[in-house]
Amino acid sequence: MSIEVRDIHKRFGNHQALAGVSLKVETGSLVALLGPSGSGKTSLLRIIAGLERPDAGQVLFAGEDATRQDARHRRVGFVFQHYALFRHMNVFENVAFGLRVRGRATRPSEQDIQGRVRELLELVQLGWMADRYPSQLSGGQRQRVALARALAVEPRVLLLDEPFGALDARVRRQLRAWLRGLHDKIGLTSVFVTHDQEEALSLAHRVAVLNDGRIEQEGTPDDIARRPATPFVADFLQAEPVAICHAAQ
Amino acid sequence: MSAIVAARRAQPLTRAALSASEDSRPVRLALTAAALGFLGLFLFLPLVAVFTEALSKGGEAWVAAVSEPEARAALWLTLKVAALSVPLVTVFGVAAAWLIARFDFRGRRLLLALIDLPFAVSPVIAGLVFVLLFGRQGLFGPALAEHGVKVIFAVPGIVLATLFVTLPFVARELIPLLEAEGRDEEEAARTLGASGFQMFWRVTLPNIRFGLLYGVILANARAMGEFGAVSVVSGHIRGLTNTLPLHVEILYNEYRFQAAFAVASLLAFLAIGTLVAKALLERRIGGSR
Ligand SMILES: Nc1ncnc2c1ncn2[C@@H]1O[C@H](COP(=O)(O)OP(=O)(O)OP(=O)(O)O)[C@@H](O)[C@H]1O
Ligand SMILES: [Mg+2]
């Protein structure tokens, strides 16, 4: 399902976090929101999910206005930066949560829930971990549980906030490839946030570069890399290797 | 438990640090002895005194003192007041803590200050305020009397005073807990389609359950033991508006020391029961984390 945001504004106190953001995400595509820290990536994602209300502007799903719709009814799969797994539930119950809270009329039978959760855990390759608690999992495993949990409710779109942010470089590369594979397999419209340009350029179909609450450029990875539209984008892409050098020292 | 953690952390220390901790051993022993001595003197000895005095005329006298109709009425009233007020302050405490920890609204600071008020104000003053409000000469006194409702010198007044003094316990216990947890899990529940109630019941509450129980236990202890505020509004009508602490005082003033201590030992039992419950809970918290 396609996502569109139109001229979104959001203020926190006297800080303008988003100043007129418009973006279209085509059905089935994988889009990256790329930008420096504090540029408004998380805010935009939260507004799409309905966790935050914009001061002005619209959010549309498949062309229909969802701006006033509660997060609970949007059927958006959200993967939080720090996973936000339910600590007091084991992996199985975490994934089953979205099914168990459904109204009587639409709730699957216990047997169907069992089947669906097992299936999802296989999909994220964690079938053997169903009885573990989140605190007993590695970061990468938590990430995949969070993903399975979000997918369990058959969301119409998938939003991921820095899905690889807290992982080490090796796990990061593995998960990245795996996520791309998963996306190719299920074709769910997805938006992910990152401040790592390499991640954005190598993974996404399209990239939107955010700076200070505005979209500086939106286009294919190729466009962004070869034809930066603004000095900021050129600078941001340039600056990255330097930052990596600093980190390595 | 924190001592164990500290000891573990201390392991990889340098030699200098180790010898420093050896040097401080006599100091540590002295401090421990001082703390234990203090506890013994001010907590354990009085408790022993209560029980020896209560049993000074033998077990039969103890049974007679606590099964006197007035003593039984006082015990019953104390339990009743706790059973009425603790659930109310629990509901209030959870709601207020959640509001304060999750939302930024006008009057948030005021609400926080109000929750702390009972800690700051002397219970006797609190009792007096209720008399001024609901007493016969009070603000709402005449209106209440017209409808035949008696608050002061009656059970409703005692419940009100108890509500006042126990108000902060649950909320104060939960606010830092809820703030530390953050709202991530609650938001995750919402995006997964949970209603507000389902989110609270399945996600928020399980995460704060031990803190909540702890707050309830503290509030309960205070509800059963409160003297000052209750004393002002109760009117000390024997068999009717005397709670256990008030009954102890009456007996004592009548020079019936053994009976006073026997009834006091009942209160001590309630308090010890509460402490045991707390210790058990703490062990469970330690085990589950
Ligand atoms: N709830 C909030 N209250 C106040 N200010 C906020 C809030 N949420 C975000 N902001 C501010 O809005 C701006 C954008 O924040 P946002 O979290 O969207 O940035 P981001 O691009 O996700 O950054 P990062 O890469 O560091 O996660 C920041 O300056 C931030 O301080
Ligand atoms: Mg962010």
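Computed from a prediction, not measured in an experiment: that's the story for all the values here.

A. Main features of the overall build of chain B. Within chain B, the regular secondary structure consists of 14 helices and 0 strands. Over its C-alpha atoms chain B spans a radius of gyration of 24 Å, topping by over 25% the 19 Å that the globule rule assigns to 289 residues. Expressed as lengths along the three principal axes of its C-alpha atoms, the size of chain B is roughly 70 × 55 × 30 Å. Contacts in chain B between residues at least 24 apart in sequence constitute 73% of all its contacts with a sequence separation of at least 6. Per element, the accessible surface of chain B, about 16,600 Å² overall, is 69% carbon and sulfur.

B. Representation of the sheet that holds strand E10 (residues 214-219) of chain A. Residue and element names in this part refer to chain A. Here 6 strands make up an open sheet; going across it, the order is E6-E7-E8-E3-E9-E10 and the pairing mixed. For this open sheet the edge positions go to strand E6 (76-79) and E10, each flanked by a neighbour on one side alone. Pairwise comparison of adjacent strand axes, ignoring direction, gives a mean angle of 15 degrees for this sheet. Most of the contacts of helix H1 (residues 41-49) go to strand E7 (residues 157-161), to which it runs at about 150 degrees, and overall it touches strand E3 (30-34), E6, E7, strand E8 (189-194) and strand E9 (206-211).

C. Representation of the pairing of strand E4 (residues 56-61) of chain A. Residue and element names in this part refer to chain A. The pairing of strand E1 (residues 3-12) with E4 spans 5 bridges and is antiparallel. When the bridges of E4 are listed, Val-5 appears paired with Val-59. Connecting E4 to the next strand, strand E5 (residues 64-65), in antiparallel fashion are 2 residues, including Ala-62 with a positive phi near 50 degrees.

D. Inspection of the sheet that holds strand E2 (residues 15-25) of chain A at higher detail. One open sheet holds the 4 strands; their spatial order is E2-E1-E4-E5 (chain A), and the pairing between them is antiparallel. The sheet terminates laterally at E2 and E5 of chain A, the two strands that pair on one side only.

E. Quick look at the site of ligand 1. All names here are of chain A. Close contacts around ligand 1 come from 13 residues, with Ser-37, Gly-38, Lys-41, Thr-42 and Ser-43 the closest. One of the side-chain N or O atoms of His-15 is found 3.1 Å from an oxygen atom in ligand 1. Ser-37 is positioned such that a nitrogen or oxygen atom in its side chain is 2.5 Å from an oxygen atom of ligand 1. Here ligand 1 has 630 Å² of accessible area as a free molecule, and 61% of this is covered by the chains. Counting residues per element, the ones that place at least two in the shell around ligand 1 are E2 and H1. No other element matches H1, which puts 3 residues into the shell around ligand 1. Residues that form the shell around ligand 1 fall into these classes: 3 nonpolar, 8 polar and 2 charged.

F. The arrangement of the interface of chain A and chain B in detail. At the junction of the two partners, chain A supplies 22 residues and chain B supplies 18 residues. Summing the contributions of chain A and of chain B, the shared interface buries around 1,900 Å²; its carbon and sulfur component is 55%. Of all residues in chain A, Arg-72, Arg-87 and His-88 of chain A bury the most surface against chain B, accounting for 30% of the area lost on that side. Joining chain A to chain B, the criterion identifies 3 salt bridges.

G. Quick peek at the environment of Gly-50 of chain A. The topology assignment puts Gly-50 of chain A in the loop between H1 and E4. Taking the C-alpha atoms as reference points, Gly-50 of chain A and Ala-17 of chain A, separated by 33 residues in sequence, lie 16 Å from one another. Excluding residues within four positions of it along the chain, Gly-50 of chain A makes contact with Ala-71 and Arg-74 of chain A together with Arg-190 of chain B.

H. Spatial organisation of the packing of aromatic side chains. Counted under the stated rule, the structure contains 13 aromatic pairs over all chains. The interplanar angle of 55 degrees and the centroid separation of 4.9 Å between the aromatic rings of Tyr-252 of chain B and Phe-257 of chain B together place this pair among those described as tilted. What links up through ring pairs into an aromatic cluster is the set Phe-130, Phe-134, Phe-140 and Phe-164 of chain B. Above the plane of the ring of Phe-86 of chain A lies Arg-149 of chain A, whose end atom (NZ or CZ) is 4.6 Å from the centre.

I. Broad picture of helix H7 (residues 123-134) of chain B. Residues and elements named next belong to chain B. Between its first and last C-alpha, H7 extends 16 Å over 12 residues, near the 16 Å set by a 1.5 Å rise per residue. Buried residues of H7: Ala-126, Gly-127 and Phe-130, and no others. Projected onto a plane normal to the axis of H7, the buried residues spread over an arc of 100 degrees and lie on a single side. Tucked into the core, H7 has its buried residues touching helix H9 (155-181) and helix H12 (228-234).

J. Structural context of the confidence of the model for chain B. Residues and elements named next belong to chain B. Looking at chain B, pLDDT values average 85 and 90% of them are 70 or higher. Highest mean pLDDT in chain B belongs to helix H10 (residues 184-191) (94); lowest belongs to helix H1 (residues 2-10) (42). Throughout residues 1-18 the model reports pLDDT below 50, and contacts reaching past four residues in sequence, or to other chains, amount to 1 contact.

K. Focus on the pairing of E7 of chain A. Residues and elements named next belong to chain A. Taking burial as the measure, the 5 residues of E7 include 5 buried ones, the bulk of the element. Burial along E7 is two-sided: Val-157, Leu-159 and Asp-161 facing one way and Leu-158 and Leu-160 facing the other are all buried. Note that E6 and E7 share 4 bridges and pair parallel. Looking at the pairing, Gly-77 lines up with Leu-158 of E7. Here E7 runs beside E8; their pairing, made up of 5 bridges, is parallel. Across the sheet, residue Leu-158 finds its bridge partner in E8, namely Ser-190. The parallel pair E7 and E8, bridged by helix H5 (residues 169-186), forms a crossover whose chirality is right-handed.

L. Spotlight on the nonpolar core. All names here are of chain A. Within the largest apolar cluster, 47 residues are counted, with the highest numbers of intra-cluster contacts made by Val-95, Val-117, Leu-121, Leu-147, Leu-158 and Val-207. If one sorts the elements of this core by residue count, helix H4 (residues 139-152) sits on top with 7 residues. Residues in contact with Leu-158, not counting those within four places in the same chain, are Gly-77, Val-79, Leu-147, Ala-150, Leu-151, Leu-188, Thr-189, Ser-190 and Val-191. With 41 residues, the next largest nonpolar core counts Leu-45, Ile-47, Ile-48 and Val-76 among its residues.

Thresholds applied
- Residues numbered from 1 in each chain as written.
- Chains lettered and ligands numbered in written order.
- Predicted model: local features only at pLDDT ≥ 70, side-chain atom pairs only at ≥ 80, totals over all residues.
- Heavy atoms only, no water.
- Helix = DSSP H or I, 4+ residues; strand = E, 2+ residues; numbered from the N terminus.
- Rg over C-alpha atoms; globule rule 2.2 N^0.38 Å.
- Contact = heavy atoms within 4.5 Å.
- Areas by Shrake-Rupley, 256 points an atom, 1.4 Å probe, with all protein chains shown as cover.
- Pairing = 2+ DSSP bridges.
- Axes fitted to C-alpha atoms, helices over the stretch in contact; angles between N-to-C directions.
- Near = heavy atom within 4 Å.
- Polar contact = N/O pair within 3.5 Å; in protein donor to acceptor, adjacent residues only side chain to side chain.
- Nonpolar A, V, L, I, M, F, W, Y, C, P; charged D, E, K, R; others polar.
- Buried area = accessible area lost by both parts, 1.4 Å probe.
- Salt bridge = Lys/Arg side-chain N within 4 Å of Asp/Glu carboxyl O.
- Phe/Tyr/Trp six-rings, centres within 6.5 Å; stacked < 30°, edge-to-face > 60°.
- Lys NZ or Arg CZ within 6 Å of the ring centre and 35° of its normal.
- Expected span 1.5 Å × (residues − 1).
- Buried < 20%, exposed > 50% of the residue type's maximum accessible area, 1.4 Å probe, protein only.
- Arc of directions from axis to C-beta.
- pLDDT = per-residue confidence, 0-100.
- Right-handed = clockwise from strand over helix to strand, strands pointing away.
- Core = buried A, V, L, I, M, F, W, Y, C linked by side-chain atoms within 4.5 Å.

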